[in-house]
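Here is how the chains run, residue by residue.
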Amino acid sequence: MNELDALFHGFAIALTWYNIGMMVIGIVLGIIIGVLPGLGGPNGVAILLPLTFTMPPTSAIIMLSCIYWGSLFAGAITSVLFNIPGETHSVATTFDGYPLAQQGRAGEALTASFTGSFFGALVAVLLITFLAPLVAKFALKFGPPEFFAVFLLTFCSFVGTGKDPFKSIISMMLGFGLAAIGMDIVSGELRMTFGWSELLRGIDFLVVVIGLFGLGEILFSMEDGLAFEGKSAKINTKVVLETWKKLPKYWLTLIRSAAIGCWMGITPGGATAASFMGYGIAKRFSPDGDKFGTGQLEGVIAPETAAHASGTAALLPMLALGIPGSATAAVLLGGLMIWGLQPGPLLFVEQKEFVWGLIASMYLSNIAGLIIVLSTVPLFAAILRIPFAIIAPVIIVVCAIGAYTVHGAMLDIWFMLLFGIAGYVLKKLDYPLAPLVLSLVLGDRAEVAFRQTMMGSKGGLGVFWSNWLVGTITTLALVMLFWPVLAFAWRKLRRSQNGAAGSTT
Amino acid sequence: MRLTMFKSFNKFCLRPLSGALLLCAIAAPALADWEPTKTVEIIVPAGAGGAADQMARTIQGIVVKHQLMKQPMMVINKSGSSGAEGIMDVKDAKGDPHKLMAAFSAIYTLPVAVNLPFNWRDLNPVAMIALDEFLLWVNAETPYKTPKEYLAAVKAAPPDTFKMGGTGSKREDQIITVALDKVAGTKFTYIPYKSGAEAATQLVGKHIESNVNNPSENIAQWRAGEVRALCVFSAQHMVYKDKITADQSWADIPTCKESGVDVEYQMLRGFFIPGGTTKEQVAYYVDLLKKVTATADWKEYISKQALKDVFLTGPEFVKFLEKDEAFNTKLMNEAGFAHKE
Amino acid sequence: MEQKQDGPSGGGLSHSTAEAIASVCIFAIGVVMIVSNYRIGAGWASDGPQSGYFPLRIGVILCLASLAVLFRSVFGKQRDRGIFVTWQKLRPVLLVLLPTAVFVLAIKFIGIYVASTLFIAAFMRVMDKSIWWKILLVSIGVNVLLFWMFEIQFKVPLPKGPLEALLGY
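Worth saying up front: this structure is predicted, and the values here are computed from it rather than measured.

Some details on the overall build of chain C
Secondary structure assignment for chain C yields five helices and two strands. Over its C-alpha atoms chain C spans a radius of gyration of 25 Å, topping by over 25% the 15 Å that the globule rule assigns to 169 residues. Taken along its principal axes, the extent of the C-alpha atoms in chain C is 60 × 55 × 20 Å. Out of the 169 residues in chain C, the part that is buried amounts to 43%. Considering only contacts in chain C between residues 6 or more positions apart, those separated by 24 or more positions represent 57%. Working note: accessible area of chain C is about 9500 Å², and carbon and sulfur atoms make up 70% of it. Looking at charge distribution, chain C has the averaged site of its 15 positive side-chain charges lying 3 Å from that of its 8 negative ones.

Here it is in structure tokens:
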């Protein structure tokens, strides 16, 4: 019960008017940053970091972490409304969120996504509160082979669901290819930059996604004239309550995604990987799995819950070990040092007030965040009532700004345009885009982990079964990959047994 | 009131039109020195959260806190291709005095490793404000107490058994590893990671046997008693005498040379502005950095990060750069890291 | 399969031809990947795969898969001979795409704020025939908001042109 005492003490610290004010400011800023594609949690926090130098550290981290929560919540908004992921981790949310909006159910999709996010955050905070030191030790067990196995698991849980295998393969390979542009950190050599210094930065995931999904979608919907059809949603506050009534049905998805998210946050796999894995696994195991992609609430809940759980859990290794579990956590970690705190294993011992104040604030600010974002649902859903002729050019402008802000490079806007055209053509030709996005996000990280492993093992593949941890994950990944085959075999076996049993009696 | 008028006047005068600038210079002879007229960007050719980024953001914080500059300052990370993105960005911003690049040894090693069309002479050197040290670290649960013991164990084992972790490939950490191999006759397997923080965690998790991190990258683990510092790759002991662990301060760590391992490496932490800028512009930033490094906040920062307090500017800085470049290039060539066509 | 004789009215690109063109493009990308990565070494060295190892193989897979798609689109029995996109449908798409390209080009010269003000205004004028005050309100309002947010609040510099320079930014 030591933790409970400390937690209540933390609440006493966090619950001052000043800190609550910081919380609200942070969340609102976070929502704005989350809505704008290109500006994400890490740069949002980095931009505001210098403002906090004069604040007490606890208030400073409360405000900055609230920016992070706000952006985690808000990434879903543009994904659902316009098919443009505001954050990298909300790409998977577009798969079902946008179809829902097209059916006039944007309010439901947003409510479900926010509530799912909140649930994920809550599970992760509970984990941090009660199991931090224990779980933190677990994170240390992750070396290169374990990382590779986790990435493999993400791929395998997501892949293998496309209609046309050739096109799925092409899409995925294009993603890998884009990810490989720039410097290969393992050998320190440049790949596919063709002597062009503009390509040194690589092609950022967000630029591709803004083009493929955002601009591509606008072009596609232009074909049928000027209407985002069937989108004039009925908007009232009741939609929140109605959606909440439907949610308990998806308890299994919620818990599964929260668990995936916590896992991916602690072993720095990241919120983006978590959201894809959450979506992929829900699709595979849900009874409505076949209908995913056509506008299922479950398909919105699964990635959002996992992403927010992962984003929150990423603070655990940061607090307990000084390891950043995500890009945002890395910036916060830099902040700790600037405020004069020494992150690392001793933080829990030496800076009790700070740590527990932060943890307590995570409960409060996620509740505050949920209330704030839910109250914006009618507002955001109302955006869809604005005539297309007004909203379309604004979206295009925001896409251009988003592409530019990622690296501050003009060329990225051209790339966005190029990927917009590619997105339009590929969509018309029925190429699935999800595998491309997934391999673009995780491709180079998986490759780096694999090659680090090979350097250590001198090229032996046995290392992926060298201990129980990596062995379990690798095996799980292979099971996932061959799941359709296994399920088929199992059913066949059962049937033949039943048949045999039937014939004997 | 006067101040705001002065500011807007200043802003108006110093637009790029050189004719207008001349006019203003005549109109306001007291305004001989240059001052930024818009937001100054600190370009960090490394990721957010790393050592270079932290330093840039600390400086930004100090500038804001002590109001050392009228215009705002912001930090921009351009970490693509191990920082080549940021370096080329500053090179291409010829004549723009509103960009300040946080430099480290990548300015010499990158052009050699990947044939980048860049030389630090393309830029205008401002000042070096610190030197970063490198140490040899092992996991605290291993029995090695001195570098000799450790390197003997590495040598006794079959080649490539011991793994050394570090940041990136063909950069400072790997240079040191190769130099170590040469001096001690060992054969490490070098595993490149994305950041020093990752190399630190991997050492605690025993996925590698040692690393050569900067003090700031390993201090958290050191204080917690999870890693052990064997020696520092520097000619003298470090100066910070406050106890960090139960019984050791930075100053207590022996140099590698006195432990019989003659390897030295230190890394500059300095600032450049793009080429084609004027003397006055350089002078402004030298002055700014002088003011920054004079604050108590800065002193506290460098003692926490265990940086070596050095301030070099003007011809001395250039001389240092020339020497340091030759040193790095030689090491890169010896290690066989030079770009091959 | 029976021919779908909706006919290429006005001569549009057939679906299978578009498919073929796309797969040829993808094949070309694959070839570029193979060549560029072969140069930097694509073998399996003593310490694991070299830096070109995976990209080269990805290029090979791209080539093979695109050949399969190409083959299907040219010889496949179920190939879709329907029109890929009719001129009628392509027109509004181009009506968005071309101005967007002009907009992106203009950013370089007049800055993103002025360019997008003009872009939004032109779009509303052509597509919607909106009344002028509405056009002005939206196009200028949106950009003032964006300027306030990016330049003043978040201090994120976006490309600016002569107008902003005149205002001292």
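Let's pick the thread back up.
Re the interface of chain C and chain A
Contacts between chain C and chain A engage 62 residues on the former and 57 residues on the latter. Buried area between chain C and chain A, both sides added, is near 5300 Å², and the carbon and sulfur share of it is 83%. Joining chain C to chain A, the criterion identifies one salt bridge. With its nearest N and O atoms 2.9 Å apart, the salt bridge here joins C:Glu19 to A:Lys167. Our count for the chain C to chain A interface comes out at five residue pairs in polar contact (both at pLDDT 80 or more). At the level of elements, α1 (15-39), β2 (48-49), α2 (53-75), α3 (87-128) and α4 (132-153) of chain C are the ones that each hand at least two residues to the side of chain C that touches chain A. Looking at the side of chain C that touches chain A residue by residue, the class counts come to 45 nonpolar, ten polar and seven charged.

So, a nonpolar patch on the surface
Residue and element names in this part refer to chain A. A cluster of nonpolar residues, Phe285, Trp465, Leu478, Val479, Leu481, Phe482, Trp483, Val485 and Leu486, forms a patch on the protein surface that exposes about 780 Å² of accessible area. Looking at the nonpolar patch, the elements that each hand over two or more residues are α21 (468-481) and α22 (483-504). Looking at the secondary structure, you find Trp483 in helix α22.

As for the nonpolar core
Formed by 341 residues in total, the largest nonpolar core has its most connected members in A:Ile359, B:Ile107, B:Tyr150, B:Trp250 and C:Phe150. Among the elements that make up this core, the one with the highest residue count is helix α4 (residues 57-82) of chain A (16 residues). In contact with B:Trp250, other than residues within four places in its own chain, are B:Leu135, B:Trp137, B:Pro215, B:Ile219, B:Trp222, B:Met238, B:Tyr240, B:Asp242, B:Ile244 and B:Ala306.

Digging into the packing of α4(A) against helix α13 (residues 297-313) of chain A
Residues and elements named next belong to chain A. Between α4 and α13, the least distance of the axes is 10 Å, while the angle of their chain directions is 165 degrees. In terms of orientation, α4 and α13 fall into the roughly antiparallel class. Here α4 and α13 pass one another in a crossing that is right-handed. In contact with Tyr68, Trp69, Leu72, Phe73 and Ala76 of α4, α13 contributes Glu304, Ala307, His308, Gly311 and Thr312.

Examining helix α10 (residues 238-246) of chain A
All names here are of chain A. Turning to α10, its buried residues are Val239, Val240 and Thr243. End-on, the buried residues of α10 take up no more than an arc of 100 degrees, which puts them together on one face. Counted as exposed and oriented over 90 degrees from the buried face of α10: Lys238, Leu241 and Lys245. On its buried face, α10 is in contact with α6 (106-140), α13 and α17 (352-383).

Comments concerning the packing of α6(A) against helix α11 (residues 251-266) of chain A
All names here are of chain A. Contact geometry for α6 and α11: axes closest at 9 Å, N-to-C directions at 45 degrees. By the angle between their axes, α6 is oblique relative to α11. Here α6 runs over α11; the crossing is right-handed. Seen from α6, the contacting residues are Gly116, Phe119, Gly120, Val123, Ala124, Leu127, Val135, Phe138 and Ala139; seen from α11, they are Leu254, Ile255, Ala258, Cys262, Trp263 and Ile266. Counted by class, the contact of α6 with α11 contains 13 nonpolar, two polar and no charged residues.

Some points on the pattern of salt bridges
A pair can form between side chains of opposite charge whenever their charged atoms are brought close. Residues and elements named next belong to chain A. Throughout the structure, instances matching the rule amount to 29 salt bridges over all chains. Its salt-bridge partner being Glu217, residue Lys427 comes within 2.9 Å of it at the nearest N-O pair. In this pair, Lys427 sits in helix α19 (residues 410-428) while Glu217 sits in helix α9 (residues 205-222), placing the two residues 210 residues apart along the sequence. A relative accessible area of 4% places Glu217 in the buried class. Beyond isolated ion pairs, a larger network of salt bridges with shared partners links Asp184, Arg191, Glu447 and Arg451.

Rules of the game
- All residue numbers refer to positions counted from 1 along the written sequence of the respective chain.
- Written order determines the labels here, with chains lettered from A and ligands numbered from 1.
- Owing to the predicted nature of the model, reporting of local features is limited to residues with pLDDT of at least 70; listing and counting of side-chain atom pairs is limited to 80 or more, with chain, interface and lining totals taken over all residues.
- Values shown for side chains rest on all heavy atoms present in the structure; no hydrogens or waters enter the calculation.
- Secondary structure follows DSSP: runs of H or I at least 4 residues long count as helices, runs of E at least 2 residues long count as strands, and numbering of each begins at the N terminus.
- With C-alpha atoms as the basis for the radius of gyration, the globule rule is written as 2.2 Å multiplied by the number of residues raised to the power 0.38.
- Whether a residue is buried, partly exposed or exposed follows from its accessible area with a 1.4 Å probe, protein chains only, as a fraction of its type maximum: under 20%, in between, or over 50%, in that order.
- The contact definition used throughout considers only heavy atoms, calling two residues in contact when any of these lie within 4.5 Å.
- Values of accessible area rely on a 1.4 Å probe in the Shrake-Rupley scheme; residue burial ignores everything except the protein chains shown.
- The charge count includes Lys and Arg as positive and Asp and Glu as negative, but it does not include His or the ends of the chains.
- For charged residues, the charge sits on one atom: NZ in Lys, CZ in Arg, CG in Asp, CD in Glu.
- Simply put, the buried area is the total loss of 1.4 Å probe accessible area from both parts when two parts are fitted together.
- Only one rule defines a salt bridge in this text: a Lys or Arg side-chain nitrogen within 4 Å of an Asp or Glu carboxyl oxygen.
- Here a polar contact is recorded for every N or O atom pair within 3.5 Å, except that within protein the pair must consist of a potential hydrogen donor and a potential acceptor, and residues adjacent in sequence are included only if both atoms are side-chain atoms.
- Classification used: nonpolar for Ala, Val, Leu, Ile, Met, Phe, Trp, Tyr, Cys and Pro, charged for Asp, Glu, Lys and Arg, polar for all others including Gly.
- Nonpolar side chains (Val, Leu, Ile, Met, Phe, Trp, Tyr) within 5 Å and like charges within 9 Å form the patches, drawn only from residues with over 30% relative accessible area and no salt bridge.
- By convention a nonpolar core is built from buried Ala, Val, Leu, Ile, Met, Phe, Trp, Tyr and Cys residues, the set being connected through side-chain atoms within 4.5 Å.
- Interaxial angle, 0 to 180 degrees, is taken between N-to-C directions of lines fitted to C-alpha atoms, where a helix line uses only the stretch in contact.
- For classification purposes, angles smaller than 35 degrees are called roughly parallel, those larger than 145 roughly antiparallel, those between 65 and 115 roughly perpendicular, and all remaining angles oblique.
- What makes a crossing left-handed is the near helix being turned counterclockwise from the far one by less than a right angle; a clockwise turn instead makes it right-handed.
- Here the arc refers to the set of directions running from the helix axis out to each C-beta atom.

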